[in-house]
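Reading the structure
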Amino acid sequence: CARPSAWSGRGCADAAGVMAGRRRRWLIGLLAVSVLIVSAVVLALAIGLEVDLSRWREPLAARLTAALGRPVTLAGPVSARLSLTPSLEIRSLHVSDGQADWLRIGRARLVLAVMPWVHDRRWVVRELSGEDVAIDLTRGPGGQGNWAARAAPVSAEPAADAASPRALAFDLEQVSLKRLALSY
């Protein structure tokens, strides 16, 4: 060291010790902030964090329409709970057969389990439930039921990528329908 430190009047060895102390305090502070952030995330997941997804109602309805091949309307609020068992709740879900709603659900709820997916990439649906469910089954002039699966449109063009979507496989633990009205 060519000259003593101007602020302390002491040599370079003392200045290096002071710098090491500052670095150590800064690292301890950074570690403490990191532990607080991780603890907050873990606590939020353990308790559950409610998220309002109502502003994404239209895109979600469009995805459901594409998946089911039938018009889907989401008329009520949509919310999700982020936790170790995340859930999605949709109020006032309607599925049409093109003429009228053949399925109406006042409250639909989907609850997933995270840990099976983390361990072995396996989807587990803990609960699939509906409340205030109305199903109107009818037959058209040709005898075709409005509940029958519709064939997906066939495209003349091959899939854009080789990894085309696979069928979704999952374990379903509980299904419940409350206040079900079925008409035929």
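This structure is a prediction, so every number in the text was calculated from the model and none was measured. (Residues numbered from 1 in each chain as written. Predicted model: local features only at pLDDT ≥ 70, side-chain atom pairs only at ≥ 80, totals over all residues. Heavy atoms only, no water.)

1. Overview of the nonpolar core
Counting 14 residues, the largest nonpolar core has Leu74 and Leu103 as its most contacted members. Among the secondary structure elements, those contributing two or more residues to this core are β2 (72-74), β4 (87-96), β5 (101-113) and β6 (123-136). The leading source of residues in this core is β5, at four residues. Beyond its immediate chain neighbours, meaning those up to four positions away, Leu74 contacts Arg57, Leu60, Ala61, Leu64, Ile90, Ser92 and Leu93. (Core = buried A, V, L, I, M, F, W, Y, C linked by side-chain atoms within 4.5 Å. Buried < 20%, exposed > 50% of the residue type's maximum accessible area, 1.4 Å probe, protein only. Helix = DSSP H or I, 4+ residues; strand = E, 2+ residues; numbered from the N terminus. Contact = heavy atoms within 4.5 Å.)

2. With respect to the pairing of β5
One ladder, built from nine bridges, connects β4 with β5; its direction is antiparallel. Residue pairing across strands places Leu88 opposite Leu110, the latter belonging to β5. Where β4 hands over to β5, the hairpin turn is made up of four residues, of which Gly98 adopts a positive phi near 100°. In this structure, β5 lies alongside β6, joined through 10 bridges in antiparallel fashion. Within β6, the residue paired with Leu112 across the bridge is Val125. (Pairing = 2+ DSSP bridges.)

3. What to know about the layout of surface pockets
There is about 1200 Å³ of room inside the largest pocket. Taken together, 31 residues line the largest pocket, and the ones lying closest to its centre are Leu64, Leu68, Leu88, Leu110 and Leu128. Those elements that provide at least two residues to the lining of the largest pocket are α2 (57-68), β4, β5, β6, β7 (170-172) and β8 (175-183). Of the residues in the lining of the largest pocket, the class split is 25 nonpolar, three polar and three charged. (1 Å grid on protein atoms, 1.4 Å probe; cavity = no way out; pocket = protein on both sides within 12 Å on 5 of 7 lines; lining within 4 Å. Points joined across faces, edges and corners; volume = space filled by probe spheres on them. Nonpolar A, V, L, I, M, F, W, Y, C, P; charged D, E, K, R; others polar.)

4. Digging into the confidence of the model for the protein
Averaged over the protein, the pLDDT score is 82; the fraction of residues at 70 or greater is 79%. Considering only residues more than four positions removed or in separate chains, one finds that residues 154-164, a stretch of pLDDT under 50, has one contact. (pLDDT = per-residue confidence, 0-100.)

5. With respect to the pattern of salt bridges
Pairing is possible between side chains that carry opposite charge, provided their charged atoms lie close to one another. The final tally for this structure, using the stated rule, is 11 salt bridges. Ionic pairing is found between Glu89 and Arg91, a salt bridge with its closest N-O pair at 3.1 Å. Take Arg91: its relative accessible area is 36%, and that puts it in the partly exposed class. Linked through salt bridges whose partners overlap, the residues forming this network are Glu89, Arg91, Arg107, Glu131, Asp132 and Arg179. (Salt bridge = Lys/Arg side-chain N within 4 Å of Asp/Glu carboxyl O.)

6. Some words on the packing of aromatic side chains
Applying the stated criterion across every chain, the model contains one aromatic pair. Just above the ring of Trp117 sits the side chain of Arg121; from NZ or CZ to the centre is 4.3 Å. (Phe/Tyr/Trp six-rings, centres within 6.5 Å; stacked < 30°, edge-to-face > 60°. Lys NZ or Arg CZ within 6 Å of the ring centre and 35° of its normal.)

7. Some points on unusual backbone geometry
Positioned with a positive phi, Arg121 is a non-glycine residue whose angle comes to about 55°. Mapped onto the secondary structure, Arg121 falls in the loop between α3 (115-120) and β6. Accessibility expressed as a relative area gives 56% for Arg121, which makes it exposed.

8. Brief notes about α2
Given a rise of 1.5 Å per residue, 12 residues ought to cover 16 Å, and the 16 Å separating the end C-alpha atoms of α2 matches this to within 8%. In the segment just after α2, Gly69 is the residue with positive phi, at about 75°. (Expected span 1.5 Å × (residues − 1).)

9. What about the side chain of His94?
With respect to the helices and strands, His94 occurs in strand β4. Residue His94 is classed as buried on the basis of its relative accessible area, which comes to 19%. Only 3.1 Å separates the side chain of His94 from the side chain of Ser92, close enough to count as a polar contact. The contacts of His94, once residues within four sequence positions are left out, are Pro71, Val72, Thr73, Ala75, Asp101, Leu103 and Arg104. (Polar contact = N/O pair within 3.5 Å; in protein donor to acceptor, adjacent residues only side chain to side chain.)

10. Considering the side chain of Glu131
Within the secondary structure, Glu131 is located in strand β6. On the accessibility criterion, Glu131 (18% relative accessible area) is buried. Here the side chain of Glu131 touches Arg107 through a polar contact of 2.7 Å, side chain to side chain. Setting aside anything within four residues of it in sequence, one finds Glu131 in contact with Ile105, Gly106, Arg107, Lys178 and Arg179.

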